[in-house]
Amino acid sequence: MNVPIALAALQKQAAEPARLREIPYNYPSFSDREIVIRLLGSASWDVLDQLRKERRTGRSARMLYEVLGDIWVVQRNPYLQDDLLDNPARRKLLVEALHHRLAEIEKRRTPADDAGRDRLVGELVVAARRAVTEFDAKFEQATQLRRQIQRTLGRLTAKDNIKFDGLSRVSHVTDATDWRVEYPFVVLTPDTEVEMAGLVKGCIELGLTIIPRGGGTGYTGGAIPLTWKSVVINTEKLEAMTEVEMRRLPGMDSEVGTVWTEAGVVTQRVADAAERAGFVFAVDPTSAEASCIGGNIAMNAGGKKAVLWGTALDNLASWRMVTPDAQWLEVTRLDHNMGKIHDVETATFELQYFEADGKTPVRTETLAIPGKTFRKEGLGKDVTDKFLSGLPGIQKEGCDGLITSARWVVHRMPSTRAPCAWSSSATPRTRCPASSRSRTTCSPSKNARACCWPASNTWTTVT
Ligand SMILES: Cc1cc2nc3c(=O)[nH]c(=O)nc-3n(C[C@H](O)[C@H](O)[C@H](O)COP(=O)(O)OP(=O)(O)OC[C@H]3O[C@@H](n4cnc5c(N)ncnc54)[C@H](O)[C@@H]3O)c2cc1C
C-alpha cells in the first residue's frame with residue numbers, strides 16, 4: 001500500500017509533466033545521456049548538459065535531439081538497417097534531411113548575443129555532423145563487410161548458414177538477462193562440428209568478435225554482443241548424440257556409463273537418454289529444457305543433483321573445442337572419480353592440440369589441478385573462479401574457445417530400497433507375484449535382471 005498523495009501535488013505534476021527522455025524513439029534501455037555519449041562522445045554530453053541547465057536550448061535542442069533520435073532508431077532496428085541497405089536512394093534522402101536539420105540549427109546561432117554559448121552550440125553541431133557522416137559511411141562499410149563475410153565463410157559452410165537478416169540478428173541480441181548492447185553483425189548456424197575450426201579461423205581473419213551460443217538461457221550476459229562487429233555462432237544444429245555407452249575411461253578399472261553429445265544438444269535430451277538406460281545425468285539446471293550442452297560446460301551448470309555428483313565440471317569425461325587460434329583441442333579427464341571433483345587430491349587432464357584439419361597433432365600437455373582448488377569448501381557450485389587453474393572451456397563463458405562436443409559420465413541413483421535377492425527361476429512381469437510381495441526378488445531378462453520391490457509391488461529393470 002502507498003502513502004496517499006495530496007491532490008495539490010498531483011495537480012502540480014499534471015501541469016508540468018517531466019520528460020525523462022527527450023531524444024525521440026528512445027524506448028530501449030538507454031538513457032539520453034548514454035545515447036549522446038555513444039553518438040557524439042562524452043565531451044558533447046558535458047556541453048549539452050551545460051546548455052540544458054541554462055534552459056535556453058529550445059527549438060535548436062529539439063532539432064539536435066531529432067537528428068540523434070533518427071540515427072538511434074536505425075541503429076537499434078536491424079529491419080530499418082536492411083531497408084536502408086537495400087534502398088540507397090531512401091538512405092540518401094534520410095542523410096540529407098539530417099544535414100538539413102543541422103543547417104537549421106546553424107542558421108539560428110546568435111554569436112552577438114552570447115559568444116560563449118554560441119561556441120558551445122557550434123561544437124555540438126560539428127560533433128553531430130560527424131555522427132551523421134559516420135552513420136552514412138557505416139552502410140557502405142556494412143555492405144563491404146557482408147560481401148567479405150559471404151566470400152570468406154561461404155567457402156566453409158552453406159550460404160544460408162550465414163545470416164544477416166533482421167530476425168536472426170534480433171534473436172541473438174540478448175539472453176536470459178534481457179540486457180541489450182549491440183546487435184550481432186552476422187549469425188552463423190553451421191551444420192556440423194567439423195566446420196567449426198574453419199569458421200573460427202575465418203571470423204578471426206575478418207576481425208569479428210566471436211560469441212558462441214547455445215540456448216541463450218545464460219544469466220550472466222555472456223552471449224551478448226558488446227561490439228557491432230561481432231558474430232554469434234549458434235550451435236543449435238550440432239545435435240548428434242549417443243545413447244548410454246559403457247566405456248572404460250582412461251585410468252579406470254571398469255566400464256562406466258557415458259553419453260557423447262554435440263554442443264547444441266538440449267540438456268534434457270541427455271537426461272532422457274540416461275534415464276532410458278537406468279542412469280542419471282547429473283547436470284540438471286532448471287533451464288534443462290532450453291539450455292544446451294555447450295552452454296552447460298561454458299557456464300559449469302548444475303542443479304539439484306550437484307549435491308550428489310557436482311556440476312558439469314565434475315561429470316565431463318572429455319570434451320572437444322576450437323581455440324581462438326582455430327586449433328582443435330581435445331581435453332580428457334584421467335582417473336575420473338565418478339563423484340565430486342573437489343574430493344580428489346589431484347584432478348588430471350590431458351590436453352591434445354591439433355591443427356584446423358583435426359588430424360595433425362600440434363602438442364600434448366598434462367594439467368594436474370589440486371581437487372580442493374576447484375571450489376570453496378562447503379560449496380556444491382562455485383563459479384567465482386573463472387580461471388580454474390587454466391582448465392580450458394569450462395566456466396569460461398565462451399571466452400577461450402568454442403566447445404563442439406563432449407562425453408559425459410552418467411550415474412546410478414543410490415537406492416534406498418532393500419538389496420535385491422537374485423532368483424534365477426522368476427520371470428520378469430509387470431506386477432510382483434503374490435509370494436514375493438513381502439520381500440525383494442529378482443529374475444533375469446534379456447540384458448538385465450528385473451527386481452520386484454515390495455514397496456512399489458512392481459517389477460523394475462536393473463542392469
Ligand atoms: C529459468 C532458468 C533457470 C536456470 N537454472 C539454472 C540452474 O539451475 N543451474 C545453473 O547452473 N544455471 C541455471 N540457469 C542458467 C543457464 O541456463 C545455464 O547457465 C546454462 O548452462 C546456459 O546454457 P545455454 O545453452 O542457454 O547457454 P547460452 O546462454 O547460450 O550461453 C551461455 C554462455 O556460454 C557460452 N557458450 C554457449 N555455448 C557455447 C559453446 N558451444 N562453446 C563455448 N561457449 C559457449 C556463451 O558464449 C555464453 O557466454 C538458468 C537459466 C534460466 C533462464
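**A look at the overall build of the chain**
In step 1: A tally of regular secondary structure across the chain gives 13 helices and 15 strands.
In step 2: A burial count over the chain gives 47% of its 463 residues as buried.
In step 3: Partitioning the contacts of the chain with sequence separation of at least 6, the portion at a separation of at least 24 is 60%.
In step 4: Of the roughly 23600 Å² of accessible surface on the chain, 53% is carried by carbon and sulfur atoms.

**Side note on the sheet that holds strand β1 (residues 162-163)**
In step 1: Spatially, β1-β2-β4-β3 is the arrangement adopted by the four strands of the open sheet, whose pairing is mixed. Looking at strand neighbours, the two that pair on one side only are β1 and β3 (209-213), the edges of this open sheet.
In step 2: Of the pairings in the sheet, the one linking strand β2 (residues 186-188) to strand β4 (residues 230-234) comprises three bridges and is parallel in character. Residue pairing across strands places V186 opposite V231, the latter belonging to β4.

**Brief notes about the pairing of strand β6 (residues 256-262)**
In step 1: Extensive coverage of β6 is indicated by the burial of six of its seven residues.
In step 2: Looking at chain direction, β6 and strand β11 (residues 402-409) are connected through five bridges and run antiparallel. Following the sheet pairing, E262 is matched in β11 by S405.

**Considerations on the site of the ligand**
In step 1: Around the ligand, 31 residues are found, and the nearest of them are P212, T217, S287, G302 and K381.
In step 2: At 3.3 Å, a backbone N or O of G295 approaches an oxygen atom of the ligand.
In step 3: Considering the ligand on its own, with 970 Å² of exposed area, one finds that the protein chains cover 88% of that surface.
In step 4: Looking at the shell around the ligand, the elements that each hand over two or more residues are β3, α11 (293-299) and β11.
In step 5: Top contributing element to the shell around the ligand by residue count: α11, with five residues.
In step 6: Looking at the shell around the ligand residue by residue, the class counts come to twelve nonpolar, 16 polar and three charged.

**A few points about the sheet that holds strand β5 (residues 245-247)**
In step 1: Spatially, β5-β6-β11-β7-β8-β9-β10 is the arrangement adopted by the seven strands of the open sheet, whose pairing is antiparallel. Lying at the two open borders of the sheet, with one neighbouring strand each, are β5 and β10 (361-370). Ignoring strand direction, the axes of neighbouring strands in this sheet form an average angle of 25°.
In step 2: One ladder, built from nine bridges, connects strand β9 (residues 346-354) with β10; its direction is antiparallel. When the bridges of β10 are listed, T346 appears paired with P370.
In step 3: Taken strand by strand, helix α9 (residues 195-205) contacts β7 (316-322), β8 (328-334) and β11, and its axis lies near 45° from that of β7.

**Concerning unusual backbone geometry**
Among all residues except glycine, the phi angle is most often negative; among peptide bonds, the trans geometry is most common.
In step 1: One non-glycine residue, D178, adopts positive backbone phi at about 60°.
In step 2: Topologically, D178 is positioned in the loop between α8 (166-171) and β2.

The rules we used
Residues numbered from 1 in each chain as written. Predicted model: local features only at pLDDT ≥ 70, side-chain atom pairs only at ≥ 80, totals over all residues. Heavy atoms only, no water. Helix = DSSP H or I, 4+ residues; strand = E, 2+ residues; numbered from the N terminus. Buried < 20%, exposed > 50% of the residue type's maximum accessible area, 1.4 Å probe, protein only. Contact = heavy atoms within 4.5 Å. Areas by Shrake-Rupley, 256 points an atom, 1.4 Å probe, with all protein chains shown as cover. Pairing = 2+ DSSP bridges. Near = heavy atom within 4 Å. Polar contact = N/O pair within 3.5 Å; in protein donor to acceptor, adjacent residues only side chain to side chain. Nonpolar A, V, L, I, M, F, W, Y, C, P; charged D, E, K, R; others polar. Axes fitted to C-alpha atoms, helices over the stretch in contact; angles between N-to-C directions.

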